[in-house]
Amino acid sequence: MDNLADAFLKLDRKEIALLKAIERGMRHCEWVPAEDLMAKTRLSPKAVIGGLSKLLAKKLVFKTKEPYEGYAIGFAAYDLIALSDLVDRDVVLSLGDLLGVGKESVVLEALGRASSPPAAEMDAAEGAEEVADELPLAVKFHRQGETSFKQIRRVRDHLADLPRCAWIHAARLGAAKEFKTLKRLYPEVSVPRPVALSHHAVVMEHFGGTELYRVDLEEPEGWLEAILEEAAAAWRRGIVHADLSPYNVLVREDGEMAIIDWPQAVSRTHPRARELLERDMKNVVSHFQRKYRLDLELEEALAFVLGESDEGVKEDQKISREKKEDGRPS
Ligand SMILES: Nc1ncnc2c1ncn2[C@@H]1O[C@H](COP(=O)(O)OP(=O)(O)OP(=O)(O)O)[C@@H](O)[C@H]1O
Ligand SMILES: [Mg+2]
């Protein structure tokens, strides 16, 4: 992964076309036969065979001979497919350092341009475009399904009969869910601005800052209140994070904060929504109790998030009523 940019630069167009064709073929849970690749890429048999042997040597493609000769990709190639798409769409202009490796993702910094600057930036008249062009990004490549399938493979000594595509679906779904949630929450809730989605990769604003668990805050009360306010704002938008913890809150020296890592979020109509919200609040409150000796009780924090939000819902309904009366879409 360190060499994602290098690997990308060393790929030619034919190799990218082959990787994309294998990925499309794998959506149907198969090792993809070479003949399918010829049909799908419209490359000559010679070009397909040459391209595949280069990709096999780079370990970007795997081959099986049983039950028929077929090809498959892993996460390294999948990352390259998403990156190639993001570069083609002019979303990503260059890649930077590794920002984080989580249980279920690899996050890289990048420089890019936002496909659609938000209304506030558009209104800022001159200079708005330069701001969008210089946008520091975080590209999160989802990895859902990776560990579980590796474990299965470890105990099974041949790979051919395993549905290699399951991880593709899991990672793609995780990214799509995270992107949709960010779009639903931004900008009402402090989350990184969503920029683009490609395959299993979510592109968002690089927020900067440090994870809450790694900092020593000077005024912890204010930060705790800010986090609870964001949780309340998310609840008002109908969303529970469901993995909120000091690992998923970024705080910045300029006093701004953002809640990150939303693929497992649930709707507040989900049968377990209240239980998950309570668990989120517990993770946050117990961190502040333990590290800063703050004496806020879990029940108070929960009441704050739920209580505030009831007023918020009424406010949302009022706004939407007024818009309808005005004849504007809500
Ligand atoms: N928008 C962002 N701006 C700055 N840094 C980010 C951003 N998104 C992610 N990071 C960094 O990458 C790390 C991992 O990201 P994230 O928490 O979203 O995924 P994850 O940790 O893999 O998920 P999980 O919590 O399931 O393991 C974060 O802890 C943070 O350091
Ligand atoms: Mg995380």
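Residues numbered from 1 in each chain as written. Chains lettered and ligands numbered in written order. Predicted model: local features only at pLDDT ≥ 70, side-chain atom pairs only at ≥ 80, totals over all residues.

In terms of helices and strands, the protein carries 12 helices and 12 strands. Relative to its 330 residues, the protein shows a buried fraction of 36%. Sequence-distant contacts, at least 24 apart, represent 66% of the contacts inside the protein between residues at least 6 apart. (Helix = DSSP H or I, 4+ residues; strand = E, 2+ residues; numbered from the N terminus. Buried ≥ 20, exposed ≤ 12 C-beta atoms within 10 Å, placed from the backbone. Contact = placed C-beta atoms within 7 Å.)

What follows is about the site of ligand 1. Taken together, 20 residues surround ligand 1, and among them Gly 100, Gly 102, Lys 103, Ser 105 and Asp 261 come closest. Elements that contribute at least two residues to the shell around ligand 1 include exactly strand 3 (92-101), strand 4 (105-112) and strand 5 (135-142). When grouped by side-chain class, the residues that make up the shell around ligand 1 number 9 nonpolar, 5 polar and 6 charged. (Near = placed C-beta within 6 Å. Nonpolar A, V, L, I, M, F, W, Y, C, P; charged D, E, K, R; others polar.)

All right, on to the sheet that holds strand 3 then. As summarised here, the arrangement of the 5 strands in space is 3-4-5-7-6, forming an open sheet in which the pairing is antiparallel. On the outer flanks of this sheet lie strand 3 and strand 6 (194-198), each paired with one strand and no other. Within this sheet the neighbouring strands show an average axis-to-axis angle of 25°, counted without direction. Relative to strand 5, strand 4 runs antiparallel, the two being bridged by 8 bridges. Within strand 5, the position partnered with Val 107 by the bridge is Lys 140. Taken strand by strand, helix 5 (residues 75-88) contacts strand 3, strand 5, strand 6 and strand 7 (201-205), and its axis lies near 125° from that of strand 6. Each of strand 5, strand 6 and strand 7 is contacted by helix 9 (residues 166-185), which is oriented at about 160° to strand 6, the strand it contacts most. (Pairing = 2+ DSSP bridges. Axes fitted to C-alpha atoms, helices over the stretch in contact; angles between N-to-C directions.)

Take the packing of helix 10 (residues 220-236) against helix 11 (residues 273-292) next. Remark: helix 10 packs on helix 11, axes separated minimally by 11 Å, with the N-to-C direction vectors making an angle of 175°. The angle between the axes of helix 10 and helix 11 places the two elements in the roughly antiparallel class. Taking contact as the criterion, the partners of Pro 220, Leu 224, Ile 227, Ala 231 and Trp 235 in helix 10 are, on helix 11, Leu 277, Asp 280, Val 284, Phe 288 and Tyr 292. When the residues that make up the contact of helix 10 with helix 11 are grouped by side-chain class, the tally is 9 nonpolar, no polar and 1 charged. (Parallel < 35°, antiparallel > 145°, perpendicular 65-115°, else oblique.)

This next bit is on the nonpolar core. Where a protein is soluble and globular, its nonpolar side chains tend to be buried together. With 82 residues, the main nonpolar core has Leu 19, Ile 22, Ile 73, Val 92, Leu 137, Val 139 and Val 203 as its most contacted residues. Considering each element in turn, this core owes the most residues, 8 residues, to helix 10. Apart from the residues within four sequence positions on either side, Ile 73 is in contact with Leu 19, Ile 22, Glu 23, Met 26, Leu 60, Val 61 and Tyr 78. (Core = buried A, V, L, I, M, F, W, Y, C linked by C-beta atoms within 7 Å.)

A few words on the packing of helix 2 (residues 13-26) against helix 3 (residues 34-41). For the pair helix 2 and helix 3, interaxial distance at closest approach is 9 Å and the crossing angle is 115°. Between helix 2 and helix 3 lies a crossing whose hand is right-handed. Contact residues: helix 2 offers Ala 17, Leu 18, Ala 21, Ile 22, Arg 24 and Gly 25, while helix 3 offers Asp 36, Leu 37, Lys 40 and Thr 41. Looking at side-chain class alone, the contact of helix 2 with helix 3 contains 5 nonpolar, 2 polar and 3 charged residues. (Left-handed = near helix turned anticlockwise from the far one by under 90°.)

Our focus in this paragraph is the sheet that holds strand 8 (residues 210-211). If you trace the 3 strands from one edge of the open sheet to the other, you get 8-10-11, paired in antiparallel fashion. Edge positions in the sheet fall to strand 8 and strand 11 (257-259), since each of these pairs with one other strand and no more. Judged from the 2 bridges that link them, strand 8 and strand 10 (residues 249-251) form a sheet pairing that is antiparallel. Pairing of Glu 211 across the sheet is with Leu 250, part of strand 10. The sheet contacts of helix 10 involve strand 10 and strand 11, and relative to strand 11 the element is tilted by about 40°.

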